[in-house]
Amino acid sequence: MPTTVIGLEGSANKIGIGIIRDGVVLSNPRHTYVTPPGEGFLPRDTAKHHREWVLKILRQALDEANVTPKELDCIAYTKGPGMAAPLLSVAIVARTISQLWNVPLVGVNHCVGHIEMGRLITGCQNPTVLYVSGGNTQVIAYSDRRYRIFGETIDIAIGNCLDRFARTLKISNDPSPGYNIEQLAKKGQKFIMLPYTVKGMDVSFSGILSHIEEVARKQLEIGECTAADLCFSLQETLFAMLVEITERAMAHCGSEEVLIVGGVGCNLRLQEMMGVMAEERGAKLYATDMRFCIDNGAMIAQAGWEMFRSDPEQHVTAIEDSWCTQRFRTDEVEVTWRDN
Ligand code: MG
């Protein structure tokens with residue numbers, strides 16, 4: 001019997017709902033809340049956006065997949081981590097349809113969703129994972145039934161650093177600030193030295209952000225550098241730091257695969273730099289495109305599918321326990337679907 005799972009995601013500024021049937025993505029519509037240049041997305045407004053779109057996206061997900069509620073075996077929703085108000089706006093819908101359609105509910109760790117989607121789409125088996133997005137920056141590898149965190153940011157996420165820098169320069173948030181920085185960076189001519197802050201296996205971005213904002217204030221106005229130079233220098237510096245800690249984790253684990261997931265993971269310059277490192281080590285780089293590395297519903301469905309199939313007793317949640325949480329670390333989840 002096939003197992004069909006619907007996944008609902010809304011932990012940040014995208015609302016996405018996807019349906020997965022035994023490794024096949026049947027549908028995966030998404031809508032992004034885009035704010036004007038210079039503005040970030042606030043929890044209350046983002047939740048309002050999700051509430052406005054969630055039922056349209058749900059209808060679209062079912063129609064595109066040609067699936068009826070009766071055919072669903074499990075409903076997966078993002079339990080965390082993420083912003084509270086947006087998480088709640090989607091969890092409420094998951095809870096409601098679970099009761100309405102009498103389908104079991106599974107709460108999914110968002111980071112685990114990214115990892116499982118990356119593994120499904122690329123076919124890699126046991127990669128060292130770099131998870132980079134607006135809210136998360138972690139180097140992860142599987143060991144003994146957990147996705148262990150080998151290194152991470154000690155302050156802001158890399159995507160947050162890029163988003164906030166885009167706001168300083170009033171770069172458009174459409175389709176995303178990171179995408180526009182990536183395009184501008186291609187035109188950069190001059191490398192501006194920035195702090196390089198790797199601390200053991202961890203990284204720190206907030207000081208680099210303050211520094212480059214200061215450089216922008218002082219040098220941009222008088223024409224000593226261009227916005228493109230700054231985007232180029234920022235990307236080169238941040239990505240070099242990420243490649244360094246990922247390489248160390250790979251050396252420790254003896255990895256032959258590296259997988260990049262999360263919204264920043266579709267940056268082609270990051271993939272290129274990681275690819276060079278991987279090749280030098282005789283390892284292989286795996287990455288996905290915007291459909292799957294940016295937050296989406298199918299990734300929650302895929303992790304939910306693994307959880308539901310491997311150990312429903314542990315993972316299926318009663319309605320009264322179906323809460324969500326802003327803080328939920330990757331290694332809190334018992335990975336019941338992988339061998340030791
Ligand atoms: Mg994410």
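Quick caveat, the model's predicted, so the values are computed rather than measured.

Caption draft 1: Examining helix H2 (residues 84–101) more closely. Along its 18 residues, H2 runs 26 Å from first to last C-alpha, staying within 8% of the 26 Å computed at 1.5 Å per residue. Every buried residue of H2 is accounted for by Pro-86, Leu-87, Ser-89, Val-90, Ala-91, Val-93, Ala-94, Ile-97 and Ser-98. Buried residues along H2 sit against strand S1 (4–9), strand S2 (14–21), helix H1 (43–65), strand S5 (74–80) and strand S6 (105–109). Asn-102 sits one or two positions beyond H2 and adopts a positive phi of about 55 degrees.

Caption draft 2: Focus on the state of the cysteines. Inspection of every chain in the model, using the stated rule, returns 0 disulfides. With no disulfide of its own, Cys-253 lies 14 Å from the sulfur of Cys-124, the closest cysteine sulfur. Distance from the sulfur of Cys-324, which forms no disulfide, to the nearest cysteine sulfur (Cys-111) is 15 Å.

Caption draft 3: How the structure looks around the packing of helix H6 (residues 206–220) against helix H7 (residues 227–253). At their nearest, the axes of H6 and H7 sit 11 Å apart, and the two run at 165 degrees to each other. In terms of axis orientation, H6 runs roughly antiparallel to H7. In this structure, H6 meets H7 at a crossing whose hand is right-handed. Taking contact as the criterion, the partners of Ile-208, Ile-212, Val-215, Ala-216 and Leu-220 in H6 are, on H7, Ala-227, Leu-230, Leu-234, Leu-238 and Met-241.

Caption draft 4: Quick peek at the packing of aromatic side chains. Evaluation of the coordinates by the stated rule reveals 2 aromatic pairs. Aromatic pair Phe-191 and Phe-232: ring centres 6.3 Å apart, planes at 85 degrees, arrangement edge-to-face. You can see Phe-191 sitting in the loop between helix H5 (177–185) and strand S10 (198–199) and its partner Phe-232 sitting in helix H7, a full 41 residues away along the chain. On the basis of relative accessible area, Phe-232 is assigned to the partly exposed category, the value being 22%. When the ring centre of Trp-53 is taken as origin, the NZ or CZ atom of Lys-56, which lies over that ring, is 4.4 Å away. Directly above the ring of Tyr-142 sits Arg-338, whose terminal nitrogen or CZ lies 4.1 Å from the centroid.

Caption draft 5: Geometry of the sheet that holds strand S9 (residues 146–152). With respect to topology, 5 strands assemble into an open sheet ordered S9-S8-S7-S12-S13, the strand pairing being mixed. Of all the strands in the sheet, just S9 and strand S13 (284–287) have a single pairing partner and so form its edges. Ignoring which end each strand starts from, the neighbouring axes of this sheet average 25 degrees apart. Sitting on the sheet, H7 is in contact with strand S7 (128–132), strand S8 (137–143), S9 and strand S12 (257–261), with an inclination near 155 degrees to S7.

Caption draft 6: Just the pairing of S2, in detail. Here S2 lies mainly inside the structure; 7 of its 8 residues are buried. When S1 meets S2, the two strands line up antiparallel, connected through 6 bridges. Each residue of the ladder has a partner; that of Ile-6, found in S2, is Ile-19. Counting the residues between successive antiparallel strands, the hairpin from S1 to S2 contains 4 residues. Relative to strand S4 (residues 30–32), S2 is paired through 3 bridges, and the arrangement is antiparallel. Bridge pairing links Lys-14 to Thr-32 in S4. Relative to strand S3 (residues 24–27), S2 runs antiparallel, the two being bridged by 3 bridges. Note that in S3 the partner of Ile-19 across the bridge is Ser-27.

What counts as what
- Residues numbered from 1 in each chain as written.
- Predicted model: local features only at pLDDT ≥ 70, side-chain atom pairs only at ≥ 80, totals over all residues.
- Heavy atoms only, no water.
- Helix = DSSP H or I, 4+ residues; strand = E, 2+ residues; numbered from the N terminus.
- Expected span 1.5 Å × (residues − 1).
- Buried < 20%, exposed > 50% of the residue type's maximum accessible area, 1.4 Å probe, protein only.
- Contact = heavy atoms within 4.5 Å.
- Disulfide = S-S within 2.5 Å.
- Axes fitted to C-alpha atoms, helices over the stretch in contact; angles between N-to-C directions.
- Parallel < 35°, antiparallel > 145°, perpendicular 65-115°, else oblique.
- Left-handed = near helix turned anticlockwise from the far one by under 90°.
- Phe/Tyr/Trp six-rings, centres within 6.5 Å; stacked < 30°, edge-to-face > 60°.
- Lys NZ or Arg CZ within 6 Å of the ring centre and 35° of its normal.
- Pairing = 2+ DSSP bridges.

That is the geometry; function is a separate question.
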